[in-house]
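Residues per chain are reported as follows:
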Amino acid sequence: MAGGKGTRLCDLTEEESKPAVPFAGANRIVDFAMQNCVRSGLQRLLVATQYAPRSLHHYLPTRWGQRFEPKGLQLRDGRDLYLGTADAARRCWPDLQAMGGDQVLVLAADHLYDMDYAALLAAHRASGAAVTVAVDTVSRAEASEFGVMQTDAQGRILSFCEKPADPAAMIGQPDRSLVSMGIYIFDRDWLRAALFDREVPAMDFGHDVIPSAVAQGQATVWRLPPGASGRAYWRDVGTLDALRRAHLDFLHDAPVPLPFATPVTDWYLGRGSVALTGAMVPSTARLQQTLVAPGAQIPQGLVTGEDPADDARWFTRTPLGTVLITQQMLDRRAAHAHIRRSVTPPASLNRRKLHA
C-alpha cells in the first residue's frame with residue numbers, strides 16, 4: 001500500500017507521495033519495505049499507488065525490479081479510484097488471485113523497520129488464525145495515531161480500535177499501548193470473503209476488516225522481535241518532527257540496515273539538521289533542528305532554529321521546533337527582501353528633502 005498523501009509532512013508531500021520522500025541520502029521511505037521483501041525471499045509483489053504516483057512508478061521498477069522474478073513486481077495506479085486500503089485490495093483482487101498462494105501479505109510502504117516476513121508467515125500458519133497483525137509498542141501519548149489492541153496470553157486479539165482518542169494501555173504497562181504496524185497476513189479465502197461477502201463493502205483494513213476478524217475470534221498478533229541492536233525498531237515518519245528525529249537515529253549505529261548506504265556527511269548538517277536529496281547548504285549557514293527539502297538552495301549566512309518567530313514567518317515551524325525549508329519558501333523570503341530594498345531609501349537620504 002503506497003498511496004499515502006502524508007499531509008502531516010506539509011510541503012514535502014505537496015507533489016510527492018509519502019513513501020517516495022527521501023531518507024538518509026540515497027534512500028526513500030519505501031525502500032525499507034522493499035528491502036524487507038527482497039531479504040525475506042518474496043518474489044511477487046503488487047504495489048498499489050494513489051496520490052502523486054509518477055515518481056514511484058519510475059523509481060520502483062528501476063531500482064528494485066531486477067530483485068524479483070520476471071514480472072514479479074507490478075504497480076497499479078489508483079488515482080481517484082481507491083476509497084481506502086481494503087478497497088484497493090478489492091480492486092486489485094484479480095491480480096492478487098493470479099499470483100497464487102494461500103496467504104496474502106499486506107504491507108504499509110511508509111514506515112522504517114527491519115522485518116523477516118518469512119518468520120511472520122510461519123507464525124501465522126502455526127497460529128491457526130485467519131488474520132495475523134504485526135505489532136509493536138508505543139507510548140500511550142503516541143498511540144492515538146495507530147490501531148490499538150489488547151490481547152490474551154496466547155496473542156489472540158480481544159479488542160481493536162483504529163486511532164482511538166483514549167488509547168487502551170497494555171496490561172501491566174499503563175504508559176504503553178500495543179499498536180498495529182499496518183502489516184497483516186490473511187488467509188486468502190478469508191480475505192476474499194471479507195472483501196466481497198459483506199452487505200456494506202469494507203473500505204479500510206483498520207476500520208473494517210481487522211475489527212471483523214477480532215469479532216470472529218480469528219485475529220492474532222505477532223510481535224516485532226529485537227534487531228541487531230538488541231531492540232525492536234519501527235518508526236512511522238508521518239510528521240516533520242518524526243522524520244527529522246528518525247534521521248538522527250542513523251547518525252552512528254544504525255538501528256536497522258539502510259537499504260542503500262550513504263555517508264552521514266551527505267545528509268547530516270549538524271545541530272540536529274538534515275538535508276534531503278539535492279539540497280544545497282553552504283558552510284556559512286547555521287541551521288538548527290531544520291529539514292532542508294529536496295532541491296532547496298540555502299543562501300549564505302541563513303540562520304534558523306534560534307528565533308522561533310522569524311522561523312515561522314518564512315518557513316514551516318512545528319510546535320516541537322522542527323523547521324522545514326523549501327525552495328518556494330526561500331524564494332518568497334528573497335522576494336520580500338528585494339521589495340524592501342527597492343522601496344526603502346538609503347539611510348543617508350535627507351527625509352525632509354524627500355517630502356519637499
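Here's a quick rundown of the structure. Bear in mind the structure is a predicted one, so any value in this text is a computation, not a measurement.

Before going further, it helps to spend a moment on the overall build of the chain. Helix and strand counts for the chain stand at 12 helices and 17 strands. Seen through its C-alpha atoms, the chain measures out along the principal axes to roughly 90 × 50 × 45 Å. Split into buried and exposed, the 356 residues of the chain put 47% on the buried side. Residue pairs at least 24 apart in sequence account for 66% of intrachain contacts in the chain once pairs closer than 6 positions are excluded. Computed over 38 positive and 37 negative side-chain charges, the separation of the two mean positions in the chain equals 8 Å.

Tracing the sequence through the fold places V47 in strand β3 (residues 45-49). For V47, a relative accessible area of 6% translates into the label buried.

Once that is clear, we can look at helix α2 (residues 54-64). Those residues of α2 lying buried are S55, L56, Y59, L60 and W64. The buried residues of α2 all sit within an arc of 110 degrees when viewed along its axis, so they share a single face. Looking at α2, the residues exposed on the side facing more than 90 degrees away from the buried face are R54, H58 and T62. In this structure, the buried residues of α2 make contact with β2 (27-28), α1 (30-39), β3 and β4 (73-77).

Our focus in this paragraph is the side chain of T262. Of note, T262 is situated in the loop between α9 (240-249) and β13 (268-270). Given the relative accessible area of 14%, T262 is considered buried. A polar atom in the side chain of T262 sits 3.3 Å from the backbone oxygen of F260. T262 has contacts with A24, G25, A26, N27 and W267, leaving out every residue within four places of it along the chain.

As paired elements, strand β8 (residues 147-151) and strand β9 (residues 157-162) share 5 bridges and run antiparallel to each other. Pairing of Q150 across the sheet is with S159, part of β9. Turn length for the β8-β9 hairpin, with the two strands adjacent in sequence and antiparallel, is 5 residues, and the turn residue G155 shows positive phi of about 90 degrees.

On the secondary structure map, G238 appears in the loop between β12 (234-236) and α9. For G238, a relative accessible area of 2% translates into the label buried. Remark: the alpha-carbon pair of G238 and R8, spanning 230 residues in sequence, is separated by 6.2 Å. When near neighbours in sequence (up to four residues on either side) are disregarded, G238 contacts R8, L9 and K18.

Taken as a whole and judged by the stated rule, the model has 12 aromatic pairs. Ring geometry for Y184 versus F205: centroids 5.6 Å apart, planes at 45 degrees, classification tilted. Of this pair, Y184 sits in strand β10 (residues 176-187) while F205 sits in helix α8 (residues 205-215); the two residues are 21 residues apart in sequence, bridging distant segments of the chain. For the pair Y184 and F205, a shared accessibility class is recorded, and that class is buried.

Next up on the list: the nonpolar core. For soluble globular proteins, nonpolar side chains are generally found buried alongside one another. One finds L12, F23, L112, L243, F250, I298 and F315 to be the most contacted residues of the largest nonpolar core, which totals 37 residues. Where this core is concerned, the elements lending two or more residues are α9, β14 (273-275), β15 (290-292), β17 (323-325) and α11 (327-343). Filtering out sequence-adjacent residues up to four positions away, I298 remains in contact with M280, V281, P282, A285, L287, V292, I325 and L330.

With mixed pairing, 5 strands are arranged side by side in an open sheet as β13-β14-β15-β17-β16. Sheet topology places β13 and β16 (316-317) at the edges, where each strand pairs with a single neighbour. The pairing of β15 with β17 spans 3 bridges and is classified as parallel. Pairing of T290 across the sheet is with V323, part of β17. Across the face of the sheet, α9 comes into contact with β13, β14, β15, β16 and β17 while running at roughly 90 degrees to β15.

Turning to the side chain of D87, a few remarks are in order. When you line up the elements, D87 lands in helix α3 (residues 85-91). Looking at D87, its side chain comes within polar contact range of the main-chain nitrogen of L83, at 2.8 Å. With residues up to four places along the chain from it excluded, the contact list for D87 reads L81, Y82, A202 and M203.

Below, the discussion takes up unusual backbone geometry. Generally, phi is negative for residues other than glycine and the peptide bonds are trans, each holding for most cases. In this structure, A52 is a non-glycine residue whose phi angle is positive, near 40 degrees. As for its placement among the helices and strands, A52 is situated in the loop between β3 and α2. Residue A52 is classed as partly exposed on the basis of its relative accessible area of 22%. The phi dihedral of K71 is positive, around 60 degrees, even though this residue is not glycine. When you line up the elements, K71 lands in the loop between α2 and β4.

What counts and what doesn't
- Residues numbered from 1 in each chain as written.
- Predicted model: local features only at pLDDT ≥ 70, side-chain atom pairs only at ≥ 80, totals over all residues.
- Heavy atoms only, no water.
- Helix = DSSP H or I, 4+ residues; strand = E, 2+ residues; numbered from the N terminus.
- Buried < 20%, exposed > 50% of the residue type's maximum accessible area, 1.4 Å probe, protein only.
- Contact = heavy atoms within 4.5 Å.
- Lys, Arg positive; Asp, Glu negative; His and termini not counted.
- Charge placed at Lys NZ, Arg CZ, Asp CG, Glu CD.
- Arc of directions from axis to C-beta.
- Polar contact = N/O pair within 3.5 Å; in protein donor to acceptor, adjacent residues only side chain to side chain.
- Pairing = 2+ DSSP bridges.
- Phe/Tyr/Trp six-rings, centres within 6.5 Å; stacked < 30°, edge-to-face > 60°.
- Core = buried A, V, L, I, M, F, W, Y, C linked by side-chain atoms within 4.5 Å.
- Axes fitted to C-alpha atoms, helices over the stretch in contact; angles between N-to-C directions.

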